[in-house]
4 protein chains.
Amino acid sequence: MRLGFVGLGRMGAGMASNLVKAGHEVTVYNRSPEKTRALVERGAHAARDVAGACGGDAVITMLADDNAVESVAFGEARLIASLRSNAVHLSMSTISVALSECLAAAHAKASQGYVAAPVFGRPDAAAAAKLFIVVAGAPEATDACMPIFQALGQKTFRFGHRPEAANLVKLSGNFLIAAAIESLGEAIALVSKAGIDKHEYIEMLTSTLFTAPVYKNYGGLIADRKFEPAGFAAPLGQKDIRLALAAAETLRVPLPLGSLLRDRFLALMAQGGDNLDWSAIAQLAAKDAGQA
Amino acid sequence: MRLGFVGLGRMGAGMASNLVKAGHEVTVYNRSPEKTRALVERGAHAARDVAGACGGDAVITMLADDNAVESVAFGEARLIASLRSNAVHLSMSTISVALSECLAAAHAKASQGYVAAPVFGRPDAAAAAKLFIVVAGAPEATDACMPIFQALGQKTFRFGHRPEAANLVKLSGNFLIAAAIESLGEAIALVSKAGIDKHEYIEMLTSTLFTAPVYKNYGGLIADRKFEPAGFAAPLGQKDIRLALAAAETLRVPLPLGSLLRDRFLALMAQGGDNLDWSAIAQLAAKDAGQA
Amino acid sequence: MRLGFVGLGRMGAGMASNLVKAGHEVTVYNRSPEKTRALVERGAHAARDVAGACGGDAVITMLADDNAVESVAFGEARLIASLRSNAVHLSMSTISVALSECLAAAHAKASQGYVAAPVFGRPDAAAAAKLFIVVAGAPEATDACMPIFQALGQKTFRFGHRPEAANLVKLSGNFLIAAAIESLGEAIALVSKAGIDKHEYIEMLTSTLFTAPVYKNYGGLIADRKFEPAGFAAPLGQKDIRLALAAAETLRVPLPLGSLLRDRFLALMAQGGDNLDWSAIAQLAAKDAGQA
Amino acid sequence: MRLGFVGLGRMGAGMASNLVKAGHEVTVYNRSPEKTRALVERGAHAARDVAGACGGDAVITMLADDNAVESVAFGEARLIASLRSNAVHLSMSTISVALSECLAAAHAKASQGYVAAPVFGRPDAAAAAKLFIVVAGAPEATDACMPIFQALGQKTFRFGHRPEAANLVKLSGNFLIAAAIESLGEAIALVSKAGIDKHEYIEMLTSTLFTAPVYKNYGGLIADRKFEPAGFAAPLGQKDIRLALAAAETLRVPLPLGSLLRDRFLALMAQGGDNLDWSAIAQLAAKDAGQA
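Because the structure is a prediction, the values reported are computed rather than measured. (Residues numbered from 1 in each chain as written. Chains lettered and ligands numbered in written order. Predicted model: local features only at pLDDT ≥ 70, side-chain atom pairs only at ≥ 80, totals over all residues.)

Draft legend 1. Highlighting the overall build of chain A. Counting its regular elements, chain A contains 13 helices and 9 strands. For chain A, the C-alpha radius of gyration of 20 Å lies close to 19 Å, the compact-globule estimate for 292 residues. Judged by the C-alpha coordinates and their principal axes, chain A covers about 65 × 45 × 35 Å. For chain A, buried positions account for 63% of its 292 residues. (Helix = DSSP H or I, 4+ residues; strand = E, 2+ residues; numbered from the N terminus. Rg over C-alpha atoms; globule rule 2.2 N^0.38 Å. Buried ≥ 20, exposed ≤ 12 C-beta atoms within 10 Å, placed from the backbone.)

Draft legend 2. Region of the structure containing helix 8 (residues 163-193) of chain A. For helix 8 of chain A, with 31 residues, the first-to-last C-alpha span of 46 Å sits near the 45 Å given by 1.5 Å per residue. Counting buried residues in helix 8 of chain A gives 29 out of 31 residues, a clear majority hidden from the surface. (Expected span 1.5 Å × (residues − 1).)

Draft legend 3. Main features of the interface of chain C and chain A. Contact with chain C, which involves 12 residues of that partner, is made by 12 residues of chain A. Element by element, the count of residues in the side of chain C that touches chain A is highest for helix 12 (residues 256-270) of chain C, at 8 residues. Residues that form the side of chain C that touches chain A fall into these classes: 7 nonpolar, 1 polar and 4 charged. (Contact = placed C-beta atoms within 7 Å. Nonpolar A, V, L, I, M, F, W, Y, C, P; charged D, E, K, R; others polar.)

Draft legend 4. Examining the interface of chain A and chain B more closely. Taken together, the contacts link 49 residues of chain A with 49 residues of chain B. Only strand 8 (131-137), helix 8, helix 9 (198-206), helix 10 (213-224), helix 11 (234-251) and helix 12 (256-270) of chain A provide two or more residues apiece to the side of chain A that touches chain B. Top contributing element to the side of chain A that touches chain B by residue count: helix 8 of chain A, with 17 residues. For the side of chain A that touches chain B, the residue count by class is 36 nonpolar, 7 polar and 6 charged.

Draft legend 5. Quick peek at unusual backbone geometry. All names here are of chain A. Going from glutamate 228 to proline 229, the amide bond is cis rather than trans, its omega being -5°. Summarising the element assignment, proline 229 is placed in the loop between helix 10 and helix 11. Phi angles above zero are rare outside glycine, and serine 111 is one such case at about 55°. Here serine 111 is to be found in the loop between helix 5 (97-109) and strand 6 (113-116).

Draft legend 6. How the structure looks around the domain arrangement of chain A. Residue and element names in this part refer to chain A. What the domain assignment reports for chain A is domain 1 (2-161) and domain 2 (168-288). The straight-line distance from the C-alpha centre of domain 1 to that of domain 2 is 29 Å. Counting from both sides, the interface comprises 10 residues of domain 1 and, opposite them, 10 residues of domain 2. Within the side of domain 1 that touches domain 2, the residues separate by chemical class into 6 nonpolar, 2 polar and 2 charged. (Domains from an automatic or database assignment.)

Draft legend 7. Here's a closer look at the relation of the copies chain A and chain B. After a rotation of 180° and a shift along the axis of 0.0 Å, chain A superposes on chain B with an RMSD of 0.1 Å. Such a turn and shift between the copies fits a two-fold axis. Taking C-alpha positions as reference, the residue of chain A nearest the rotation axis is Ala212(A), located at 2.3 Å. Of the residues that chain A buries at the interface, 100% are likewise interface residues in chain B, meaning the two copies contact each other through the same surface. (Least-squares fit on C-alpha atoms with pLDDT ≥ 70 in both.)

Draft legend 8. Seen up close, the packing of helix 9 of chain A against helix 10 of chain A. Residue and element names in this part refer to chain A. Here helix 9 crosses helix 10 at 175°, and the two axes come no closer than 9 Å. Here helix 9 is positioned roughly antiparallel relative to helix 10, judged by the angle of their axes. Residues Lys198, His199, Ile202, Leu205 and Thr206 of helix 9 lie in contact with helix 10, whose contacting residues are Tyr215, Lys216, Gly219, Gly220 and Ala223. Of the residues contributing to the contact of helix 9 with helix 10, the split by class is 4 nonpolar, 4 polar and 2 charged. (Axes fitted to C-alpha atoms, helices over the stretch in contact; angles between N-to-C directions. Parallel < 35°, antiparallel > 145°, perpendicular 65-115°, else oblique.)

Draft legend 9. A look at the pairing of strand 2 (residues 25-29) of chain A. Residue and element names in this part refer to chain A. Summarising burial for strand 2: 4 of the 5 residues are buried, a large majority. Looking at chain direction, strand 1 (residues 2-6) and strand 2 are connected through 5 bridges and run parallel. Across the sheet, residue arginine 2 finds its bridge partner in strand 2, namely glutamate 25. Handedness of the strand 1-helix 1 (residues 12-21)-strand 2 crossover: right-handed. Here 2 bridges tie strand 2 to strand 3 (residues 45-46), and the two strands are oriented parallel to one another. (Pairing = 2+ DSSP bridges. Right-handed = clockwise from strand over helix to strand, strands pointing away.)

Draft legend 10. Highlighting the pairing of strand 6 (residues 113-116) of chain B. Residue and element names in this part refer to chain B. Across the two faces of strand 6 the burial is the same, with Gly113 and Val115 and Tyr114 and Ala116 all buried. Sheet analysis places strand 5 (residues 88-91) next to strand 6, joined by 4 bridges and oriented parallel. Residue histidine 89 lies in a different strand from strand 6, and its bridge partner there is tyrosine 114. Crossover handedness for the path strand 5 to helix 5 (residues 97-109) to strand 6: right-handed. Across 2 bridges, the pairing between strand 6 and strand 8 (residues 131-137) is antiparallel. Paired with alanine 116 across the two strands is alanine 136, which belongs to strand 8.

Draft legend 11. The packing of helix 8 (residues 163-193) of chain C against helix 10 (residues 213-224) of chain C, seen in detail. Residue and element names in this part refer to chain C. At their nearest, the axes of helix 8 and helix 10 sit 10 Å apart, and the two run at 45° to each other. Between helix 8 and helix 10, the angle is such that the two are oblique. Crossing geometry of helix 8 relative to helix 10 is assigned as right-handed. When helix 8 is examined against helix 10, the residues Ile177, Ala180, Ile181, Leu184, Gly185 and Ile188 are found in contact with a partner set consisting of Val214, Tyr215, Tyr218, Gly219, Ile222 and Ala223. Looking at the contact of helix 8 with helix 10 residue by residue, the classes come out as 10 nonpolar, 2 polar and no charged. (Left-handed = near helix turned anticlockwise from the far one by under 90°.)

Draft legend 12. Fine view of the environment of Cys145(B). All names here are of chain B. Residue position: cysteine 145 is located in helix 7 (residues 139-152). Of the residues examined, cysteine 145 has 25 C-beta atoms within 10 Å and is grouped as buried. Sequence separation between cysteine 145 and alanine 106 is 39 residues; the distance between their C-alpha atoms is 19 Å. Not counting the four nearest positions on each side in its chain, cysteine 145 is found in contact with Ala58, Val88, Leu90, Val115 and Ala117.

Draft legend 13. Just the confidence of the model for chain A, in detail. When pLDDT is averaged along chain A, the result is 97, and 100% of the positions lie at 70 or above. Interface confidence in the predicted complex, given as ipTM, is 0.97; pTM for the same model is 0.97. (pLDDT = per-residue confidence, 0-100.)

Draft legend 14. Spatial organisation of helix 11 of chain A. All names here are of chain A. For helix 11, spanning 18 residues, the distance from its first C-alpha to its last is 26 Å, which sits close to the expected 26 Å at 1.5 Å a residue. For helix 11, the complete set of buried residues consists of Ala234, Gly237, Gln238, Lys239, Asp240, Ile241, Leu243, Ala244, Leu245, Ala247, Ala248 and Leu251. Just downstream of helix 11 lies arginine 252, where phi reads positive at about 60°.

Draft legend 15. Main features of the environment of Val135(A). Residue and element names in this part refer to chain A. Here valine 135 lies in strand 8. For valine 135, a count of 26 C-beta atoms within 10 Å translates into the label buried. C-alpha separation for the pair valine 135 and isoleucine 188, spaced 53 residues apart in sequence, amounts to 36 Å. Discounting residues that sit within four places of it in the chain, valine 135 has contacts with Val115, Ala117, Thr142, Phe149, Thr156, Phe157, Arg158, Phe159 and Ala166.

Draft legend 16. How the structure looks around the environment of Trp278(B). All names here are of chain B. Within the secondary structure, tryptophan 278 is located in the loop between helix 12 (256-270) and helix 13 (281-288). For tryptophan 278, a count of 29 C-beta atoms within 10 Å gives the class buried. Here the alpha-carbon distance between tryptophan 278 and glutamine 238, two residues 40 residues apart in the chain, equals 8.1 Å. Discounting chain neighbours no more than four positions away, the residues touching tryptophan 278 are Ala178, Phe232, Ala233, Ala234, Leu236 and Gly237.

Dropping the structure here:
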């Protein structure tokens, strides 16, 4: 396929590289151009602007947040204006349900395809083509993107034809991870104030009932109080909980645990935690208990 | 070993049977005597009262709650009064930290051993000798119980010499399970109000980030709204959250997620949910959202 | 003073009328023109559009929400474009801190004054010139507005020169009222499930420690379960809590009680409460307890 | 009346003194006997033990908590054993609903009267005979106590014949006060982080919507961050919230705001706040926001 790829951050760089490897013809664009070099060495073309990445069958965006996607799509970067008719915008960023609805409407008006396909996985999974991909969009456009997903991930899950469904699933997934972190934070604050060894406790949990990677990874970080360097920084976690709560507000779904997480992230950031991993919210439970 | 076993409920029956199978000489007692029959057929002795089960190396109690254990230990049943010096009371029930401390003191005064060893696992795991056992107590007494644990479980985790540590670990584990249920309840309420298929959603979660049994089992129950028959009834869940909060109160550890769970269980029971599985608290998130 | 007045809803009609009574020359505008009639009979002029109300010393806006104010100020209604230099926009609506900041910047750019002066009080207080007025803005512009406040309210409180401070004070005040409602809802759910008479209970509270009007008014409504007709409808309450939380998020101030209120309002509206008074959130505590 | 009075703490001393002043024959008892001296000088008799204060028409207990009342009533102090038939135990302490039910049963068995009459008011109100008294009990016994209430308080509220109703009303009242404190804490954290003057803010609130003494007193303390010396210490507040939640649990009434308060008090005490006024929980909102 002839593909454009916009956004060569920690996730996007590995993904674009995997597309090149899989034999696709990939034109990349990044705001700070030095990141394109490595890709060009591997066989990608470099575009001078977003429009220059919009000439193929599909353009993929992998950007930090709603603002970045909005300015690429609607702003001066003119993605929508540059994409040819019937080509597909494949949005893989973690963005709001509301923005995804806007994008769907704008692309429909321009007779373009729009598919939302946010991913689960950290940069190492992106580099190893081991992402889990959550997809929703019109069947034809989605089918057309399947070779892309095969090059990027280990498994693809389709959630129907409304693109914003994929965004909601992704946000709810991050909510679930943050909820697991919060529960571990409280449990560890409790048992460790009683004198129980945190590492033995986590070892027990994750070799019995809580064998999932989420508990293993975050349980270890919390027991070690190792929140730097951030794998996923607190402000990104805060943003995703905010977006989950915003979607829930529109749908009129109270999320008391989501609200608790909201307050935890605000407290963490108010107390200087901007550069910490989002799992540092667990530390607040210890602090509340006079243990930090 | 010569063992007594008090409490042949859904968990205890399978456990006592496994002890017989393992070659121990087991004398069983249950308040309603008809439950002893099956055990006797397999080779156990039947005691007429609790005291009658206290003549061996150790007596195991596997009872419903603090009240039951208290009345067996301190009340007319006279376990403490009947146990011989240096014999061990192995308490495997899920009881409060405070009662465990009381028992430790009382047994010490009577020159008896006391080991706390609550378990993770449902009745089928008890019957299959696949329990996870969390143990704490004086090293000698604990060592003496190891053959018992080998007959009952797949893995044993030792948490030092203060028996109540094991009880706290067990309670915190149930808190973590309930927290996972609550998070699933909120996430499912959110995505399903947006029209996303609950079963496909759970299938995605549990084949990616949330592969642990807790998410698989409860995710399925919640998506199916299948809360009867109860595997673990709501009042038992409420009790364990109450005991976790009580221990946290003594230690001065705020548990905001624990508090949320407390309120969920009270709401569930206030609204007629006494016979439902504890995972039915997930249904309250849907109800709050006008979806039930 | 020569004044324009935009927005003749339940609050605005009484306020504009009081300005006429006080001898000001008032030009009124309302989207649905039939509401201007009564004002004209009392001596006001009617403007054909917002611009027509912008010719005097100041134009007052008293509108439902951010959207309404935005479209009047920045949209086709062209308030900012129509106001002459040095005239003042006196914004008395309950709007967000963020919009108030935008308005301040836009008016400054146009060399116009901007004063924020949201009010506490219901329509009857507006009609009786008994409002409490919370004001912030540049000293000169604010001083110029004092005769207006004297005509509208019983007392004016100044909060410095940054207009958005007044908006935040107003939003925090509505948060405090909603918090009092929630606390009454829980307390009444508790005592009435114990068989205590709700009305005697409220009578006791409001003649001892809780003599403030908030407790008297809402205590009575809650005890009577009289939530229709709405004095202040649930979606307006939800909006104000949302704006308070948004301001808090920007400032990084966790508000756990605010979060609880957010979830209550969403639950109320999800369950069909759009036309109820905002005090109907109190009913949710009873419902949770199986009492409704 | 011939009265016994047990418990000459900060509240009890003033109350007993007022009973003497009103002409009753009062026999006082306090665990540390030096506190009886001042009362004897004013005309009271001193009893050597609790039993010595049980010879009259009624004995009043005004003690710190459940433990103190339990040990006086059921323990070695032998109040129940010493009170003559048909005499009344008037319990004015803030105790649990459960203990009040126990006392009611025990006194009924002993053919004695039992009336619960907890009070609202601080030591200065007790000294000035300005307490608000909440009463419940059998009509005859309650009627008999009316002269006592006239000597102690400014107003008496009767809540039927079940004594524990009065205790629940009292606990719910303290819950409402703590809720008002929490709401003020969050509101003040919010506006003061935005640079608004806390004292002007409280002045505005308490001269408009929140004129009740609760807001005036605590608003001032919070704005001043003046939490020492404690008028009502944090552990007493924590105890009352605990008792309110315990009563709610028995009745199956979820109290999410009560749960939030529970966590606040535990956090305050975990962080060294045992000697602070209970209104210091308000400081935690500021701390969460990075402002303390």
